[in-house]
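Coordinates in review
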Amino acid sequence: MGGGKISNINMSGDADIEIEEAFRRAQKAHNNKAKLVASLKTRYDKLEEKTEFHEEFIRCLKYAMIIYTREPAVENVIDFVTKFAASFEMPVNEEAEEEEEENDDDDNEFLNFLFNFLLESHGASSHAVRFRVCQLVNKLLGSLSENAQIDDDLCDRIHEAMLVRVTDKYPNVRIQAALAMARLQDPNDSNCPTIKAYILLLENDSNPEVRRAVLSCIAPSAATLPKIYKRTRDVKEKVRKLAYQVLAEKVHIRALSIAQRVSLLHEGLSDSADSVKEVIKTHLLPAWLRLLQGDVLQLLHRLDVENCAETAVTTLHAIFSMATSSDELLQNGIRLDERKLITVDSLTCENVLYWRALCEFVKSRGDEGEELLEKLLPEAAIFAEYLYSYLKSISQLSEEQRADMTQLEMVMTQEFVGQQLILLVGCLDTSEEGGRKRMVAVLQEILVMPNTPTSLIGLLVEKLIGILRDDAQKIQMVAEIISDVREPILPISEPVDENEKRRKQVRLAEVRVQIMEAKQTLEECINCQDFSRAAELKDSISQLEELKNQLALEASQLAENIKEQRVEKSDPETLLKCLTMCAELFKQMNIKRGICPTMNALIESLILPSVSNPNPAVRNMAVICLGTAALHSKDLANTHLVLLLQITQLDEPKIRISALRALIDQLLLNGLNILQDKPTPISQALDSPDSPDNSNGQPDQQTEEESTVQSILKMLSEFLDSEICELRTETAEGLAKLMYCGRILSPKLLSRLVLLWYNPVTEDDQRLRHCLGVFLQLYARASRANQECVEESFLPTMRTLFNAPVTSPLSEVDTSNVAELFVELTRPSALVQPAAIQAVSVHDSLAVRVCNEILRDVSAPEVRLYCKTLSWLEINTEPGPTNNELQLLLKDILQEVKDKYCTRVIEKLRNQLNGDRCSKSASNQDTTLLNLDDNTGEVVNKDETKPKRAKRGQKKASTAKNGKKTSKAELSSDESDEENVPEVPLSVRPSRRAKMAALDKTKQDLTALMNQEANGS
């Protein structure tokens, strides 16, 4: 490694220290490294010829560089070397730069020498040396001041070397190389090689610690920001957490789009890891609020709450949860008047949402928040009038006005504010009778108003039903509202009879003439002083006047002839409002109550006629109502099941999906028994009674009931191949629910779902992938019967993949990964509640199936994969019929299979079944020796220079590219280097002796190695 001691160098003084002694002391953490550095630098400065010093220093350093594990002694030495090298840096002074140029060259001599040595060593075959080189480069560059200057050629060489090392085989080397390049990146340069290397590591490196290292040092820019943002969806919790921290500390909120802000909050606050949620609360949200001067309403404005109300509410709840007192909750956000209301003119989307979220948060605290809630909300009667006055002012646009985007946006804003005010009804105290009655009356009036938006109807009905207490009253009141909306009282003018009108007019004219004649006669009588006659005429005139007024009134009534009566409205908007109320009523009522006469009348008069309405929106809501109503009555479901089946095949995609959901809900609630009463019509409603599970092809031998069930399953199976993405996803989710609940047990349908999950066509359908990924794990772990179903679907799935033509997307699927999935799903240890020990496990049965499949054609290319699958199985080695059968099959396979790999696997499996533990014992012994060896890093390095076989359960690169789920073995493989230790073969639990040896190893001292080398020389 180097020459002997440097005793021939003339060094004097008490402060002087030997290089070897300095390294020896530096290993101890309690020693003051600053004093060691100062003492050693003093000796260095006194030397005229520094070559021998350099050589001796490097010799001592090499002992530390060959140790890969993070030993405390080695780390102390590395820190000492870093501080010593950094002590040679001289502060840059622009005025005296020319004068001190020569002195700087002398002082930087050691620093340049050390860098040159490290750069010459970065390509060493030992991964320990490469790791230490990158670590030293990282620490040296990090210890230099911000305005430090190094030679351009040296900087380029460092850059080139680290670019090579970021592609190293070992994750720890890549980590240190990535950290070392942090000061070499140029965010303003679109072609910066460091930035490109960072992006490549972020997107493709399989080790999470490497991705974390890159995240910690990458500079945000227009090119890197999308990559940093993407890491918030990383599969590893630690990476996601750090990505949020980086965004909080280094990225301004304005640099993110509205969609990105909403996505960060939505996914972060709904993350499965509590640590990620905590980072959002303690880092991201406070950082954004600081940039906005603590204005929460301004933050809501940056999120566009109209389109992401629920995410905004979740965000506000997170902010409220960090408040330390009730007064802090009242300080920001909203300003209430003396009535505890926001004035109508001041209502905005942000402050009304803040008001609602704060009230819901305070109410969720129970009795603790009751006092604070009284300060935020008025009495129910006051709020009812406030709600009515606002909803009454919502504009109703004509078709021409809807074309104006400004007016349309204004109305949408009004509807959003109204929606939040309606949601606030749930926070009110309606225990007081007067307030509750007033609120019910106001909600009724709002529902009947013609200008009430359709989007608010469902929410209004939900709050109305929530306030009422009696079920019969709920049904009756909603039915009356539907009747008032559909058949309002309107003034109606009737046709006038012209003959009657003329007769009335003639009679009126006659009376007027008689009055005139009587008045004239009265004057004559008065002139003649015939007062008795005059009195009689006066009475007669009064009667004629009354008759005239009566005839005039009758004539005016004939002219108007307007009466008030109920008129049935059938326009789409009215029907949609009524159906929405009906659907909400069925949804809120107890399913065990059944269908009452009032509800039945609504079905007959409103829902069923609307199913055939020409308007798609009306038809869709009618199908939703019918499906919801059918859940309340099995007879009703039986009656209209055929109609739902026809709609699933014939109508528009959106309506077909609604009908499919109704059908799935019905099967989930009542099972396939719902089909018993009406098998024949259902069969006629479908195309064919053939089943995907009917391998015999003899429908004549089945009962009509079985034929009906198979027909529905066939229809659902065909929907899995639909070109309509939403219909395919809904069908897959429905089948997954039916299978998980035990309503259907079909290996072939399960095989279809597995193939759909792996199919590259569904790669962009995140909902489908997530649903099936969760289902497969839960389904297989639920019971042994489910595992047996998975076992039966194994061979059909594999045959489909092997026989897929080149043009099929299934030909791109990694069959090895599919086999691993089935093996993991059928492990006996995977069951949530493992049953009592049984003679035959699922893996035993699967092994027999695989062996029989191999013997079908031993020359087939898939035989190799089948043999590999056998090696993954947990087969019971206890004697028994299955064991004997399996041994006979393995013997037959050995006689016919010629492939060496297959033969080796089968022989190993036979030895296992025969109870031969020799190979296992040898493997454990080798592992123990590796663990006890002090030079573990060297041994592992030699072994790992050879190409390694893929670990058990580990996916291929192509599979990872396709976005497939990782197995447990692969996850452990990715994390194997997180503790900065070399990868070793998986071993059994170490003995006490092995533990003690490992403990002693952590106290390793470099002194013995240095003395041994010195004595040897």
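The rules we used
- Along each chain, residue indices are assigned from 1 in the same order as the chain's sequence is written.
- For this predicted model, a pLDDT threshold of at least 70 governs which residues receive local features, and a threshold of 80 or more governs which side-chain atom pairs are given and counted, while totals over whole chains, interfaces and linings are taken from all residues.
- Calculated side-chain values reflect all of the structure's heavy atoms, with hydrogen atoms and water omitted.
- For the purposes of this entry, the term helix denotes a DSSP run of H or I that reaches at least four residues, the term strand denotes a run of E that reaches at least two, and both are numbered from the N terminus.
- Exposure categories follow from relative accessible area, calculated using a 1.4 Å probe and restricted to protein chains: below 20% of the type maximum is buried, above 50% is exposed, and the middle band is partly exposed.
- Every accessible area reported is derived by Shrake-Rupley at a probe size of 1.4 Å, with residue values counting cover from the shown protein chains alone.
- Residue contacts are counted whenever heavy atoms from the two residues lie within 4.5 Å of one another.
- To get an axis, fit a line to the C-alpha atoms, keeping to the stretch in contact for a helix; angles then go from 0 to 180 degrees between the N-to-C directions.
- Here is the rule for handedness: rotate from the far helix to the near one, and if that takes an anticlockwise turn smaller than a right angle the crossing is left-handed, while a clockwise turn gives right-handed.
- Polarity classes work like this: nonpolar for Ala, Val, Leu, Ile, Met, Phe, Trp, Tyr, Cys and Pro, charged for Asp, Glu, Lys and Arg, and polar for all others, with Gly in that last group.
- Patch rule: a residue counts if its relative accessible area is over 30% and it has no salt bridge; like charges are joined within 9 Å, and nonpolar side chains (Val, Leu, Ile, Met, Phe, Trp, Tyr) within 5 Å.
- Between Lys or Arg on one side and Asp or Glu on the other, a salt bridge is scored when a side-chain nitrogen of the former is within 4 Å of a carboxyl oxygen of the latter.
- Counting rule applied: Lys, Arg positive; Asp, Glu negative; His and chain ends not counted.
- In this description, the location of a charge corresponds to atom NZ of lysine, CZ of arginine, CG of aspartate or CD of glutamate.
- The pLDDT score gives, residue by residue, the confidence of the prediction method on a 0 to 100 scale.
- Residue types Ala, Val, Leu, Ile, Met, Phe, Trp, Tyr and Cys, when buried and joined through side-chain atoms within 4.5 Å, form a set referred to as a nonpolar core.
- Any pair of Phe, Tyr and Trp rings, taking the six-membered ring for Trp, is counted once the centres come within 6.5 Å. Such a pair is stacked with planes under 30 degrees apart, edge-to-face with planes over 60 apart, and tilted for the rest.
- Distance and angle both matter: a charge sits over a ring if NZ of Lys or CZ of Arg is within 6 Å of the ring centre and within 35 degrees of the ring normal.

Quick word on the overall build of the protein chain
When its secondary structure is counted, the protein chain shows 49 helices and two strands. Expressed as a percentage of the 1017 residues in the protein chain, the buried residues total 47%. Just so you have it, the protein chain exposes about 52000 Å², and 48% of that area is on carbon and sulfur atoms.

Concerning the side chain of T628
Tracing the backbone shows T628 in helix 30 (residues 616-630). With residues near it in sequence (within four places) discarded, T628 still touches A583, F586 and K587.

What to know about the packing of helix 38 (residues 784-802) against helix 41 (residues 863-872)
In contact at an axis separation of 12 Å, helix 38 and helix 41 are set at 150 degrees when each is read in the N-to-C sense. The interaxial crossing formed by helix 38 with helix 41 has right-handed handedness. For the pair helix 38 and helix 41, contact is made by F794, L795, M798 and F802 and by L865, Y866 and T869, respectively. Along the lines of polarity and charge, the residues of the contact of helix 38 with helix 41 split into six nonpolar, one polar and no charged.

Some remarks on the packing of helix 13 (residues 258-269) against helix 16 (residues 309-321)
Axes are the key here: two packed helices are described by the angle between their axes and the distance separating the axes. Running from N to C, helix 13 and helix 16 point in directions that differ by 65 degrees, and their axes come no closer than 10 Å. Helix 16 is crossed by helix 13, and the crossing has left-handed handedness. Along the contact surface, helix 13 presents V262, L265, H266 and L269, while helix 16 presents T311, T314, T315 and A318. Counted by class, the contact of helix 13 with helix 16 contains four nonpolar, four polar and no charged residues.

Topic: a negative patch on the surface
Taken together, the side chains of D367, E370, E371, E374, E379, D429 and E432 present a region of like negative charge at the surface. Its location among the elements puts E374 in helix 19 (residues 370-376).

Notes on a nonpolar patch on the surface
Together, Y740, V774 and L778 line one region of the surface with nonpolar side chains, adding up to about 260 Å² of accessible area. If you trace the backbone, Y740 turns up in helix 35 (residues 725-740).

What to know about the confidence of the model for the protein chain
Of all residues in the protein chain, 81% attain a pLDDT of 70 or more, and the chain-wide mean is 81. Every residue in residues 916-992 is under pLDDT 50, and counting partners more than four places away or in other chains gives 103 contacts.

Focus: the nonpolar core
Counting 194 residues, the largest nonpolar core has W355, F383 and L421 as its most contacted members. Ranked by residues supplied to this core, first place goes to helix 18 (residues 349-364) with ten residues. Leave out the neighbours within four places in its chain, and W355 touches I334, L336, K340, L341, I342, L376, L377, F383, Y386, L421 and L424.

Points about the environment of S190
The residue S190 is located in the loop between helix 8 (171-180) and helix 9 (193-204) in this model. Judged by its relative accessible area of 64%, S190 is exposed. With 31 residues separating them in the primary sequence, S190 and S221 have C-alpha atoms 9.6 Å apart.

Quick look at the packing of aromatic side chains
The full count for this structure, using the stated rule, is 26 aromatic pairs. Consider the rings of W355 and F383, whose centres lie 6.2 Å apart with planes at 70 degrees: the pair is edge-to-face. Within this pair, whereas W355 is found in helix 18, its partner F383 is found in helix 20 (residues 380-392), the two being separated by 28 residues in sequence. An identical accessibility class is assigned to W355 and F383; each is buried. What links up through ring pairs into an aromatic cluster is the set F23, Y44, F53, F57, F80, F84, F88 and F110. One cation-aromatic arrangement involves K50 over Y44; the distance from NZ or CZ to the ring centre is 5.1 Å.

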